[in-house]
2 protein chains.
Amino acid sequence: MNNNYYCIIMAGGIGRRFWPYSRKALPKQFLDFFGTGVTLLQQTYDRYKQIISPDNIYITTHKDYKNIVLELLPHFNEEQLIIEEERRNTAPSIAYASYFLKKKNPNATIVVAPSDHLILKTDDFNKAILKGLDFASRHDKLITLGIKPSRPETGYGYIQIEEDKKEEDFYKVKTFIEKPAKEFAEIFIQSDEFYWNSGIFIWHVDSILNAFHTIMADICPRVECDSPDFASCPNISIDYSIMEKADNVYVQLCNFGWSDLGTWDALYDASPKDINQNVIINSNTLLSECKNNIILIPEGQLAVIQGLEGYLIAARDNALLICKKNDQNAIRKFVNDVEMKFGEKYS
Amino acid sequence: MNNNYYCIIMAGGIGRRFWPYSRKALPKQFLDFFGTGVTLLQQTYDRYKQIISPDNIYITTHKDYKNIVLELLPHFNEEQLIIEEERRNTAPSIAYASYFLKKKNPNATIVVAPSDHLILKTDDFNKAILKGLDFASRHDKLITLGIKPSRPETGYGYIQIEEDKKEEDFYKVKTFIEKPAKEFAEIFIQSDEFYWNSGIFIWHVDSILNAFHTIMADICPRVECDSPDFASCPNISIDYSIMEKADNVYVQLCNFGWSDLGTWDALYDASPKDINQNVIINSNTLLSECKNNIILIPEGQLAVIQGLEGYLIAARDNALLICKKNDQNAIRKFVNDVEMKFGEKYS
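Residues numbered from 1 in each chain as written. Chains lettered and ligands numbered in written order. Predicted model: local features only at pLDDT ≥ 70, side-chain atom pairs only at ≥ 80, totals over all residues. Heavy atoms only, no water.

Description of the pairing of strand β16 (residues 311–316) of chain B
Residues and elements named next belong to chain B. Within β16, six of the six residues are buried, which leaves it mostly tucked inside the rest of the structure. Taking every second residue as pointing to the same face, both faces of β16 are buried, with Y311, I313 and A315 on one and L312, A314 and R316 on the other. Where strand β14 (residues 294–296) meets β16, three bridges bridge the pair, whose relative direction is parallel. When the sheet's bridge partners are listed, I295 is paired in β16 with I313. Bridge count for β16 against strand β17 (residues 319–324) is six bridges, and the pairing is antiparallel. When the sheet's bridge partners are listed, Y311 is paired in β17 with K324. (Buried < 20%, exposed > 50% of the residue type's maximum accessible area, 1.4 Å probe, protein only. Helix = DSSP H or I, 4+ residues; strand = E, 2+ residues; numbered from the N terminus. Pairing = 2+ DSSP bridges.)

Regarding helix α6 (residues 205–215) of chain A
Within the span of α6 of chain A, buried status applies to V205, S207, I208, L209, A211 and F212 of chain A. If you follow the buried residues of α6 of chain A, they end up packed against α3 (90–104), β4 (109–114), β6 (142–147), β9 (194–204), α7 (220–223) and α8 (238–243) of chain A. (Contact = heavy atoms within 4.5 Å.)

What about the interface of chain B and chain A?
Residue-level contacts link 35 residues of chain B with 35 residues of chain A. Buried area between chain B and chain A, both sides added, is near 2800 Å², and the carbon and sulfur share of it is 59%. Area buried by chain B at its contact with chain A is led by L302, V304 and Q306 of chain B, which between them contribute 24% of it. For K324 of chain B, the salt bridge identified is with E289 of chain A, shortest N-O distance 3.0 Å. Put simply, chain B and chain A have 24 residue pairs in polar contact (both at pLDDT 80 or more) between them. Split by residue class, the side of chain B that touches chain A holds 20 nonpolar, eight polar and seven charged. (Buried area = accessible area lost by both parts, 1.4 Å probe. Salt bridge = Lys/Arg side-chain N within 4 Å of Asp/Glu carboxyl O. Polar contact = N/O pair within 3.5 Å; in protein donor to acceptor, adjacent residues only side chain to side chain. Nonpolar A, V, L, I, M, F, W, Y, C, P; charged D, E, K, R; others polar.)

Section: the packing of aromatic side chains
Enumeration according to the criterion identifies 35 aromatic pairs over all chains in this entry. Ring geometry for Y6 of chain A and Y58 of chain A: centres 6.3 Å apart, planes at 35°, overall tilted. Within this pair, whereas Y6 of chain A is found in strand β1 (residues 5–10), its partner Y58 of chain A is found in strand β2 (residues 57–62), the two being separated by 52 residues in sequence. For Y6 of chain A, a relative accessible area of 6% translates into the label buried. On the basis of an interplanar angle of 85° and a centroid distance of 5.7 Å, the ring pair of Y45 of chain A and F76 of chain A is categorised as edge-to-face. Of the two residues, Y45 of chain A is situated in helix α1 (residues 40–49) and F76 of chain A in the loop between α2 (66–72) and β3 (81–84); the sequence distance between them amounts to 31 residues. Summarising the burial analysis for this pair, Y45 of chain A and F76 of chain A share the class buried. Three or more aromatic residues joined by ring pairs make a cluster, and in this case those are Y6, Y58, Y96, F100 and F230 of chain A. Between the NZ or CZ atom of K273 of chain A and the centre of the ring of Y268 of chain A, over which it lies, the distance is 4.8 Å. Positioned over the ring face of Y21 of chain B is R316 of chain B, at 4.9 Å from the centre of the ring. (Phe/Tyr/Trp six-rings, centres within 6.5 Å; stacked < 30°, edge-to-face > 60°. Lys NZ or Arg CZ within 6 Å of the ring centre and 35° of its normal.)

Comments concerning the confidence of the model for chain A
Regions with low pLDDT carry predicted coordinates that are not meant to be interpreted in detail. For chain A, the mean per-residue pLDDT works out to 93, and 100% of the residues sit at or above 70. Reported confidences for the modelled complex are a pTM of 0.81 and an ipTM of 0.81. (pLDDT = per-residue confidence, 0-100.)

Quick notes on the packing of α3 of chain A against α6 of chain A
Residues and elements named next belong to chain A. Orientation of α3 relative to α6, taken along the N-to-C sense of each, is 130°, at an axis distance of 10 Å. Judged by the inter-axis angle, α3 sits oblique to α6. Relative to α6, the crossing made by α3 is left-handed. Within the contact between the two elements, α3 uses A91, I94, A95, S98, Y99 and K102 and α6 uses V205, D206, I208, L209 and F212. For the contact of α3 with α6, the per-class residue count stands at eight nonpolar, one polar and two charged. (Axes fitted to C-alpha atoms, helices over the stretch in contact; angles between N-to-C directions. Parallel < 35°, antiparallel > 145°, perpendicular 65-115°, else oblique. Left-handed = near helix turned anticlockwise from the far one by under 90°.)

Here it is as structure tokens:
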């Protein structure tokens with residue numbers, strides 16, 4: 001393995017979109033979403049361990065999740081855990097982690113990855129990451145992995161590439177499109193110019209630090225120190241702050257069976273189904289006249305359900321959600337309403 | 001209070017029809033069904049205490065429920081608890097309790113009552129029970145309380161009276177009709193001859209013992225002793241075995257805001273509703289596009305529900321039921337299927 005290759009796994013999210021199955025105290029990345037006995041974080045860690053030295057794999061997370069990470073990964077060295085005292089989205093997190101790694105190895109090339117995605121084709125994934133690391137180690141470019149879209153998903157961000165601006169197999173980004181309307185998503189998948197933005201990034205540590213110094217100079221002094229001041233950083237994502245503004249962003253076109261599992265619909269699509277197209281995760285069920293539902297209840301519990309089609313039924317601890325599984329906006333609103341009405345009690 | 005008046009409260013049912021809210025370990029009569037802080041058994045006991053001396057109120061139940069009854073009714077004298085070693089429906093239970101009371105007072109007139117009904121008009125109820133006790137103390141007749149039907153309920157049994165065979169205000173029974181089809185129920189409520197069979201009975205102890213000796217002579221030696229042998233008794237209700245066969249059965253016409261709470265529909269009808277006709281019992285909820293549902297989840301829990309109409313959503317411990325609230329047959333089948341598939345785990 002190349003000792004200049006590093007990985008940063010981001011494991012600080014609170015998993016709101018999967019409420020109430022995913023809870024603030026134990027969000028999505030720490031759950032065994034498919035009943036395989038392995039959490040999404042463990043899957044992610046094991047995946048990168050194939051291609052990157054375990055000494056070079058770092059995990060960023062919020063201080064509240066420190067013990068969960070260490071419990072889930074008993075062989076993980078605590079010194080490679082980068083703790084955030086305050087939640088401030090991905091830009092401050094990545095800025096600090098990059099500074100942290102630059103001190104370890106000024107020649108680091110880094111893949112930055114969410115901890116809660118599903119990757120089905122591991123071999124293709126491994127090859128893609130190594131190819132990206134190799135390219136980024138030789139070019140001052142910010143690489144984002146683009147996934148060939150397989151359906152007109154409106155919950156993902158898309159990247160449009162410039163087909164005639166290409167270096168090796170990497171295409172310059174023309175524009176980023178946040179969660180498009182259905183009509184646009186349908187046009188995008190007809191074209192060869194549009195790719196899903198996977199949220200997996202690859203770059204040389206100098207390239208990303210340069211980008212921060214050029215585009216977000218104000219946060220650099222707050223995070224480029226031994227006691228970073230997350231509280232004073234803006235709550236902003238790496239996509240909005242850096243990727244959409246930098247002019248050296250390139251896309252690596254990938255196809256390794258990816259899902260960000262970012263919506264119930266995405267989880268539904270990624271999961272095995274019964275004869276009536278119900279997805280039943282970890283749950284004992286007895287279903288009658290039920291089609292196209294997704295059902296997640298705590299292990300050992302039983303759900304008896306009659307006459308539902310296209311619903312999501314999810315329960316955990318003190319909360320139960322029954323709603324139309326493809327109405328993402330309503331689900332988001334419900335989670336907000338629950339917080340407004342009941343405070344943190346059900347978060 | 002008349003010292004010859006007695007009450008037997010039957011509290012041995014397992015509450016299958018309200019699964020999973022009512023569970024074998026804690027069935028319906030022991031639940032606070034309306035969130036008032038008082039269980040149905042406590043309500044029943046308190047109701048009879050108004051008109052019958054507490055020394056004369058007896059409770060029959062299965063041995064498994066002995067401690068629950070004594071906990072719920074701390075002032076209740078354990079010697080008035082009649083324990084059944086085996087579940088054998090109402091006929092053996094009433095036969096033994098009648099023998100038991102005959103020894104206490106050979107001149108007892110007894111009201112036999114389920115422990116899990118709802119009575120809204122207590123004054124009218126008190127008057128009716130006392131009127132029935134008075135009549136039964138003077139006539140060798142088996143009285144059943146008939147309720148003027150208010151809707152074409154198909155979940156109840158009906159009694160047809162003989163309008164021209166009347167003693168005082170009590171009508172001779174012409175026939176019993178078990179859970180009729182909708183078309184018949186609709187005809188019944190147009191007529192003045194049909195009444196709901198409340199399952200509340202009044203009789204002199206000699207009248208009911210005579211009936212057992214005449215109609216069910218075989219069970220008498222099994223229960224007319226100090227250690228009754230319930231195991232060898234048939235599993236049969238008082239309605240089938242005695243009331244439908246005896247020729248001295250009379251109906252007292254009543255109207256005291258009664259519901260047997262025997263079906264989810266009955267519970268729905270008896271419960272206060274929100275602006276969208278949802279019945280929400282004991283539960284924190286956040287509803288969207290929901291109409292005509294009944295929702296019972298454990299206290300302190302939250303249900304967020306979208307887009308359901310006419311559904312029952314009930315949860316307790318390890319089980320969740322979501323089904324059409326007026327499909328009684330399906331609900332009964334689900335409960336059976338759960339037992340077939342999972343044994344006692346969710347019963």
